[in-house]
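# Close look at the chain arrangement
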Amino acid sequence: MILPIVAYGDPVLRKVAKEITDAYPKLPELIANMWETMYNAHGVGLAAPQVGLPIRMFMVDTSPFADDEELDSKEQEALKGFKKVFINATIEDETGEEWDFNEGCLSIPDIREEVKRKPQLTISYVDENFKAHTETYDGLLARVIQHEYDHIQGVLFTDKLSSLKKRLLKSRLDKISKGKISVDYKMRFPNIKKGR
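Summarised in this report is the structure supplied together with it. What you are looking at is a predicted structure, and each value in this text was computed from that prediction instead of being measured.

What counts, and at which threshold
- Residues numbered from 1 in each chain as written.
- Predicted model: local features only at pLDDT ≥ 70, side-chain atom pairs only at ≥ 80, totals over all residues.
- Heavy atoms only, no water.
- Core = buried A, V, L, I, M, F, W, Y, C linked by side-chain atoms within 4.5 Å.
- Buried < 20%, exposed > 50% of the residue type's maximum accessible area, 1.4 Å probe, protein only.
- Helix = DSSP H or I, 4+ residues; strand = E, 2+ residues; numbered from the N terminus.
- Contact = heavy atoms within 4.5 Å.
- Patch = residues over 30% accessible without salt bridge, like charges linked within 9 Å, V, L, I, M, F, W, Y side chains within 5 Å.
- Areas by Shrake-Rupley, 256 points an atom, 1.4 Å probe, with all protein chains shown as cover.
- Salt bridge = Lys/Arg side-chain N within 4 Å of Asp/Glu carboxyl O.
- Lys, Arg positive; Asp, Glu negative; His and termini not counted.
- Charge placed at Lys NZ, Arg CZ, Asp CG, Glu CD.
- Pairing = 2+ DSSP bridges.
- Axes fitted to C-alpha atoms, helices over the stretch in contact; angles between N-to-C directions.

Attention now moves to the nonpolar core. Taken as a class, soluble globular proteins show a tendency for nonpolar side chains to be buried jointly. Of all hydrophobic cores here, the largest spans 38 residues; its most connected members are Met34, Leu46, Met57, Met59 and Ile108. Contributions of two or more residues to this core are made by strand E1 (5–6), helix H1 (27–40), strand E3 (57–61), strand E4 (83–95), strand E6 (108–117) and helix H4 (163–177). When sequence neighbours within four positions are dropped, the list of residues in contact with Leu46 reads Ile5, Met34, Thr37, Met38, Val51, Phe58, Met59, Leu106 and Glu148. Core analysis: the next-biggest nonpolar cluster, separate from the first, contains 23 residues, Ala66, Ala89, Ile91 and Ala142 among them.

Here we come to unusual backbone geometry. Positive phi, normally seen in glycine, also occurs at Lys26, with a value near 55°. Mapped onto the secondary structure, Lys26 falls in the loop between E1 and H1. On the basis of relative accessibility, which here comes to 61%, the residue Lys26 falls in the exposed class. In this model, Phe130 sits at a positive phi of 60°, which is unusual for a non-glycine residue. Take Phe130: it is sitting in the loop between strand E7 (120–126) and strand E8 (132–138).

Moving on, we come to the environment of Ile152. Here Ile152 shows up in helix H3 (residues 139–152). Owing to a relative accessible area of 0%, Ile152 belongs among the buried residues under this scheme. Sequence spacing of Ile152 and Gly81 is 71 residues, and the spatial spacing of their C-alpha atoms is 24 Å. Here Ile152 is in contact with Lys15, Val16, Ala17, Ala47, Pro49, Ile55, Arg56, Met57, Phe58 and Ala89, once residues within four sequence places are set aside.

Attention shifts here to a negative patch on the surface. Together, Glu92, Asp93, Glu94, Glu97 and Glu98 make up a negatively charged patch on the protein surface. Note on placement: Asp93 falls in strand E4.

Looking now at the sheet that holds E3. Pairing is antiparallel in the open sheet, where five strands are placed in the order E2-E3-E4-E7-E8. The outermost strands of the open sheet, each flanked by one partner alone, are strand E2 (45–47) and E8. In this sheet, neighbouring strand axes are inclined to one another by 40° on average, regardless of whether the strands run parallel or antiparallel. Across six bridges, E4 lies against E7 in antiparallel orientation. Bridging from a neighbouring strand, Ile87 pairs with Val126 of E7. Where H3 meets the sheet, its contacts fall on E2, E3, E4, E7 and E8, and the angle it forms with E3 comes to roughly 155°.

So yeah, pure geometry; function would need other evidence.
Set out below in structure tokens:
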């Protein structure tokens, strides 16, 4: 089932999400719905807060990036088969010199900006079977994970921009929160004025 993606301005996107247990109600169904929602919106990642749930879960499928001609064959290969669910994740470490990459977000349609992030991270999490993992990723894989991880921390990529950039984007962000935008996937807007 395709779920509506929560738009910029909704308080759920600002909450630090809570950990869950394997007893979380209908978890396999939620995961299936989130994959369907993400693919329907042509995303490479989706976090539970983006479908209105303040829980520490996100998913990533970087295969659309695998065709990027600018990447070397090793990175293309890493991106190709990468599809994972991260539950109760904690970033243990981020290293290296920050690099810029143009990021977008399904909750903030039509806005893309250069965002600085460190190139390598080590992350601990449990998968959908609640099996524990600690893994290290770098490059574009690390970036997609960092972006989704920020969502469960109540952080959006626009928070990482300069104050000037934020001021320039303010009216566009306000329009998104009011639903004054055309998107080809289902969304929920926090500040739509209800008709009488």
